[in-house]
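Remarks on the overall topology
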Amino acid sequence: MTTTQTIPETVDDVLAEFRSCGALLEGHFKLSSGRHSGHYLQCARVLMNPARAGRLAQAIVKGIPDDVLQRVDVVVSPAMGGIIVGHEVARVLDKDALFLERPDGIFHLRRGFALEPCAKVLMVEDVVTTGLSSREAIAAVAKEGGEVIAECALIDRSLGSADLGVPFYPLAAFDFPTYDESDIPEELARVAVTKPGSRKA
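Now for the packing of helix H3 (residues 50-62) against helix H5 (residues 82-93). Where H3 meets H5, the axes come as close as 8 Å, and the angle between the chain directions of the two elements is 65 degrees. Comparing the axis directions of H3 and H5 gives the class roughly perpendicular. The two elements H3 and H5 cross, and the hand of that crossing is right-handed. Between H3, through Ala53, Gly54, Ala57, Gln58, Ile60 and Val61, and H5, the contact on the second element is made entirely by Val85, Glu88, Val89, Val92 and Leu93. Classifying every residue of the contact of H3 with H5 by side-chain character gives eight nonpolar, two polar and one charged.

As structure tokens, this is what we get:
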């Protein structure tokens, strides 16, 4: 598998990483947020190569202010999408990586994971679209006794409009239009819909 060996520094660099492994898909997709789009960024595919995942994690960490990084005790990610990128970010920071699951529809820690009281948490996501999943994960960390001091992500599809309630440091933002169920353009509606994410709803 041929991959670039430099740490991506621009949006074009990040998009090139997705294109290089066929992780930028075109069609009609129903996103985890419930919105529809003609483009889908398959983060699991772009992260399947460990060297590429490591480079992307280094790039994410490079974009987080030092004063934030110095306060981080542990990295937490929501399953499933955030697990790999969260683990790689934790590797760069030399911190433990935990993940939240929601088998009953509500995020919580399982598998013996636990947070130290008042632990300072860096939340790591793969893609943020509306921010709903992130806000739910941040609330879950609070219930578990920790405090999310910031969130980072591989991709921000909200272009900065998602309000997470904490500082947010995405590696790249892509302006791929998304549509509500009631306002899908006719040309997109004619294409069979696919739901590529891991969330069932």
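Take His28: it is sitting in strand S1 (residues 24-30). Overall, His28 belongs to the buried group, its relative accessible area being 5%. When the C-alpha positions of His28 and Arg102 are compared, they lie 26 Å apart, and in sequence the two are 74 residues distant. With residues near it in sequence (within four places) discarded, His28 still touches His36, Ser37, Ile184, Leu188, Ala189, Val191, Ala192, Val193 and Thr194. Reaching out from His28, the side chain makes a polar contact with the backbone oxygen of Val191 at a distance of 2.8 Å.

Under the criterion given, the structure shown has two aromatic pairs. Relative to Tyr40, the ring of Phe29 lies with its centre 5.7 Å away and its plane at 40 degrees, an arrangement referred to as tilted. Taken together, the residues Phe29 in strand S1 and Tyr40 in strand S2 (residues 36-41) connect sequence positions 11 residues apart. Tyr40 sits in the buried class, given a relative accessible area of 13%. Summarising the aromatic geometry, the rings of Phe99 and Phe113 are spaced 5.1 Å apart at their centres and angled 85 degrees between planes, so their arrangement reads as edge-to-face. Here Phe113 lies in the loop between strand S5 (108-109) and strand S6 (120-128) and Phe99 lies in strand S4 (residues 97-101), a separation of 14 residues in the sequence. Since its relative accessible area comes to 17%, Phe99 is described here as buried. What makes Phe113 partly exposed here is its relative accessible area of 26%.

Scoring rules and cut-offs
- Residues numbered from 1 in each chain as written.
- Predicted model: local features only at pLDDT ≥ 70, side-chain atom pairs only at ≥ 80, totals over all residues.
- Heavy atoms only, no water.
- Axes fitted to C-alpha atoms, helices over the stretch in contact; angles between N-to-C directions.
- Helix = DSSP H or I, 4+ residues; strand = E, 2+ residues; numbered from the N terminus.
- Parallel < 35°, antiparallel > 145°, perpendicular 65-115°, else oblique.
- Left-handed = near helix turned anticlockwise from the far one by under 90°.
- Contact = heavy atoms within 4.5 Å.
- Nonpolar A, V, L, I, M, F, W, Y, C, P; charged D, E, K, R; others polar.
- Buried < 20%, exposed > 50% of the residue type's maximum accessible area, 1.4 Å probe, protein only.
- Polar contact = N/O pair within 3.5 Å; in protein donor to acceptor, adjacent residues only side chain to side chain.
- Phe/Tyr/Trp six-rings, centres within 6.5 Å; stacked < 30°, edge-to-face > 60°.

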